[in-house]
Amino acid sequence: MAAESWAVHQKIEIPFQYTAGPAVTRFLEGLKDKLIVASVCSKCGRRSVPPLSFCGRCWRPIAEFISVSGEGTLLSFTRRAGGDVLYGMIQLEGTDSSLAHYVTGEVGRLRIGCKVAAVWRAGRTGSILDIEGFREVGN
Amino acid sequence: MAERVAIVATGQTRHTAKRLDVNLRELITEAVTRALEDADLRIQDIDAVFLGNMEPFEGFMFPELWSVEGWGGYGKPAIKFNTGGTVGTTTTMAAYYYLAAGLYETVLAIGFEKQSEGHTQAAITTVGDPIWERTMMAGAVGNFAVMASTYVHESGVTPEQAAKVAVKARRNACNNEYAHLQMPNITVEEVMQSQMLAHPIRKLDMCPQSDGAVAMVLASEAKAKKLASRPAWIKAVATAHEQQYMGDSPKRLAIMRSQVTASQKVYKAAGIANPRKDLDVAEIYEVATYAEMAMYENLGFCERGQGGVLIDQGVTSMEGELPVNPSGGVLSANPIGATAMIRVAEAALQVMGKAGKRQVPNVHTALATGYGGNAWTDALILSSR
């Protein structure tokens, strides 16, 4: 190295908003009333949570929305680094996709394939965090 | 009919955690200079330059504009790509398409990343869907951990088998003068006792973050024969996409639909019936130990559920039937924008017989892969013929 090389330090903050779109807005509104909204494609019948407004596989708009159970199956999970928080993918009953969310339990005891149910928060605002997480309800 | 295209030269930097002695532009120049020297070419001999980078990992947009003098783009046709982890293979394939179409005779392809300058995990967090993913599971490690948990459940692979992948990678890296992590004395126990990042992934199961750049010269058939005594011919390329949201592809990692599709396409195009026998070496974009074993299955090196057995039997070691990642792989160096192109460059070195201490004997056919987002796969077959 011929000469010393300096580094200049800066920090950037980026304000940000995200448009949910009509299908996801239905879902977020439903959460206030403890409803989980799924979309149903009229051609392939795929039931999606998160809901879609357009089926990319069948290439057609989706007009049907139903509410599904807050119970489902744990497909996968991990524990966040340096904490006790667990999260994973949950397939809700009667749906063909899965939802990323927090899971209560312990690594080593919690099993993939176990049944879980949504735990609702009081004072819901239409946020994905209106569901506090999913707790194990049996194998 | 497409023109035949070959890789005729490569250049890399020594990948490392922080290159504080040079700026981004100077880092790229290092790799480009080495590739040009390897082909005995001047920058004036290059028809076009294609670059790959994963912005905004450096913390600013258009790094290629700020570094243009460093990569020889002044006055030349150039295109910058950003397809995430796959960008190095995407950029290689784009160069291939232009040369195959007969539009240029020599193309310089570059991949670069100075990861130490930005905040990689913050940048990766912006990849996650703001509603469905960012809240719980943004970031590379957590995402991989969720996928790995499914793979462990499906295949029964053990932490010890994962640790063997880590040991293979970091020991292979000792034969690669460009690798970031060279750990000659690493043991299975050390990997299994390293810090738990996100269950089941430990620190030594995961790739590092690196600063580094790679460059390759690709040429049309007539030019390639003049520039290299033994060029690495590109026999087949393929890209396959997947739905990014993990909830749309159950058992992800255990079943990587994009990797199955892309690899089957290139095998068919290159006349490869049995990849484990017909390939002489593979340089794959493995990211984490568990991913490497899952990829053995998805790339057809073994049956479903046998990824752990393959590492136990040493099939993919330097002395094995199909050595995987003689370079040390992504587990030993990960300058993201360069990483997938490093796979191609290393596969090319093997085919050209120029891989030095990490050379596998008698390589005629090599596979290189790229992997982007959580789901997207590129695959290339290189050949001596």
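Refer to the structure presented above.
Residues numbered from 1 in each chain as written. Chains lettered and ligands numbered in written order. Predicted model: local features only at pLDDT ≥ 70, side-chain atom pairs only at ≥ 80, totals over all residues. Heavy atoms only, no water.

Trainee: Before we go on, may I ask you to explain the overall build of chain A in this structure?
Mentor: Along chain A, the regular secondary structure elements total one helix and 10 strands. Element order for chain A, N to C, with α for helix and β for strand: α-β-β-β-β-β-β-β-β-β-β. At 20 Å, chain A has a C-alpha radius of gyration far larger than the 14 Å of a compact globule built from 139 residues. Over its C-alpha atoms, taken along the principal directions, chain A stretches across nearly 65 × 40 × 35 Å. Counting every position in chain A, which comprises 139 residues, the buried fraction comes to 37%. For chain A, restricting intrachain contacts to residue pairs at least 6 apart in sequence, the fraction spanning at least 24 positions comes to 47%. Summed over its atoms, the accessible surface of chain A is roughly 8200 Å², and 49% of this surface lies on carbon and sulfur atoms. Distance from the positive charge centre (17 side chains) to the negative charge centre (13 side chains) of chain A: 6 Å. (Helix = DSSP H or I, 4+ residues; strand = E, 2+ residues; numbered from the N terminus. Rg over C-alpha atoms; globule rule 2.2 N^0.38 Å. Buried < 20%, exposed > 50% of the residue type's maximum accessible area, 1.4 Å probe, protein only. Contact = heavy atoms within 4.5 Å. Areas by Shrake-Rupley, 256 points an atom, 1.4 Å probe, with all protein chains shown as cover. Lys, Arg positive; Asp, Glu negative; His and termini not counted. Charge placed at Lys NZ, Arg CZ, Asp CG, Glu CD.)

Trainee: Honestly, the pairing of strand E4 (residues 106-114) of chain B in this entry has me stumped. Any pointers?
Mentor: Along any regular strand the residues' side chains alternate between the sheet's two faces. All names here are of chain B. The element E4 is extensively covered by neighbouring structure, given that nine of its nine residues are classed as buried. Side chains Thr106, Leu108, Ile110, Phe112 and Lys114 project from E4 onto one buried face, and the interleaved Val107, Ala109, Gly111 and Glu113 project onto a second face that is buried too. Bridge analysis of E4 against strand E7 (residues 211-220) gives nine bridges, and the strand direction is antiparallel. The partner of Leu108 across the bridge, within E7, is Val217. (Pairing = 2+ DSSP bridges.)

Trainee: Honestly, helix H1 (residues 21-32) of chain A in this entry has me stumped. Any pointers?
Mentor: The α-helix winds at 3.6 residues per turn, so residues separated by three or four positions along the chain end up facing the same way. All names here are of chain A. For H1, with 12 residues, the first-to-last C-alpha span of 17 Å sits near the 16 Å given by 1.5 Å per residue. Among all positions in H1, only Ala23, Val24, Phe27, Leu28, Gly30 and Leu31 are buried. For H1, the arc enclosing every buried residue in end-on projection is 160 degrees, short of the 170-degree limit, so these residues lie on one face. With respect to the buried face of H1, the exposed residues turned more than 90 degrees away are Pro22 and Glu29. Where H1 is buried, its residues meet strand E1 (36-40), strand E5 (64-68), strand E9 (115-120) and strand E10 (131-138). Two residues or fewer past H1, Lys34 is found with a positive phi of approximately 60 degrees. (Expected span 1.5 Å × (residues − 1). Arc of directions from axis to C-beta.)

Trainee: Would you mind showing me how to read the sheet that holds E1 of chain A here?
Mentor: Where strands meet in a sheet, backbone hydrogen bonds hold them as pairs that are either parallel or antiparallel. Residues and elements named next belong to chain A. Pairing is antiparallel in the open sheet, where three strands are placed in the order E2-E1-E5. Edge positions in the sheet fall to strand E2 (47-48) and E5, since each has one partner strand and no second. Pairing analysis gives two bridges linking E1 to E2, with the strands arranged antiparallel. By the bridge assignment, Ser39 is partnered in E2 with Ser48.

Trainee: In this structure, what is going on with the interface of chain A and chain B? I would like to understand it.
Mentor: You'll often see interface size given as the accessible area lost when the parts meet. Residue-level contacts link 32 residues of chain A with 26 residues of chain B. Summed over both partners, the interface of chain A with chain B comes to about 2600 Å²; 65% of that surface belongs to carbon and sulfur atoms. Linking chain A with chain B are zero salt bridges, by the criterion used here. Counting across the interface, chain A meets chain B through eight residue pairs in polar contact (both at pLDDT 80 or more). When contributions to the side of chain A that touches chain B are tallied by element, the ones reaching two or more residues are H1, strand E6 (71-79), strand E7 (86-92) and strand E8 (99-104) of chain A. Sorting elements by how many residues they give to the side of chain A that touches chain B places E6 of chain A first, with five residues. (Buried area = accessible area lost by both parts, 1.4 Å probe. Salt bridge = Lys/Arg side-chain N within 4 Å of Asp/Glu carboxyl O. Polar contact = N/O pair within 3.5 Å; in protein donor to acceptor, adjacent residues only side chain to side chain.)

Trainee: Help me understand the environment of Lys251 of chain B, please; the structure alone is not making it clear to me.
Mentor: Assignment of secondary structure puts Lys251 of chain B in the loop between strand E8 (232-240) and helix H11 (257-270). Each C-alpha atom, one on Lys251 of chain B and one on Pro159 of chain B, is 19 Å from the other, the two residues being 92 residues apart in sequence.

Trainee: Looking at this structure, I do not really get the packing of helix H4 (residues 87-100) of chain B against helix H15 (residues 336-352) of chain B. What am I missing?
Mentor: Any two packed helices are characterised by the angle at which their axes cross and by the distance between the axes. Residues and elements named next belong to chain B. Contact pair H4 / H15: the axes reach a minimum separation of 5 Å and the direction vectors enclose 60 degrees. Classified by the interaxial angle, the pair formed by H4 and H15 is oblique. For the pair formed by H4 and H15, the contact residues are Val87, Gly88, Thr89, Thr91 and Thr92 on the first element and Gly337, Ala340, Met341 and Val344 on the second. (Axes fitted to C-alpha atoms, helices over the stretch in contact; angles between N-to-C directions. Parallel < 35°, antiparallel > 145°, perpendicular 65-115°, else oblique.)

Trainee: Would you mind showing me how to read the nonpolar core here?
Mentor: One broad trend across soluble globular proteins is that nonpolar side chains are buried collectively. Residues Phe27 of chain A together with Phe144, Leu253, Tyr267, Met293, Phe301 and Leu367 of chain B are the most contacted members of the largest nonpolar core, which totals 91 residues. Not counting the four nearest positions on each side in its chain, Phe27 of chain A is found in contact with Leu35, Ile36, Val37, Val49, Pro51 and Ile128 of chain A together with Trp132 of chain B. Core analysis: the next-biggest nonpolar cluster, separate from the first, contains 38 residues, Leu99, Val214, Met341 and Val344 of chain B among them. (Core = buried A, V, L, I, M, F, W, Y, C linked by side-chain atoms within 4.5 Å.)

Trainee: What exactly am I supposed to notice about the pattern of salt bridges here?
Mentor: Residues and elements named next belong to chain B. Enumeration over the complete set of coordinates arrives at 21 salt bridges over all chains. Across the pair Arg4 and Glu221 runs a salt bridge, and its minimum N-O distance is 3.3 Å. Within this pair, whereas Arg4 is found in the segment before strand E1 (5-12), its partner Glu221 is found in helix H10 (residues 221-227), the two being separated by 217 residues in sequence. Classification of Glu221 by relative accessible area gives partly exposed; the value is 22%. Of the charged contacts in the structure, one is a salt bridge between Asp45 and Arg42, with a shortest N-O distance of 3.3 Å. Residue Asp45 is classed as partly exposed on the basis of its relative accessible area, which comes to 26%. Connected via shared salt-bridge partners are Arg19, Asp21, Glu30 and Arg34.

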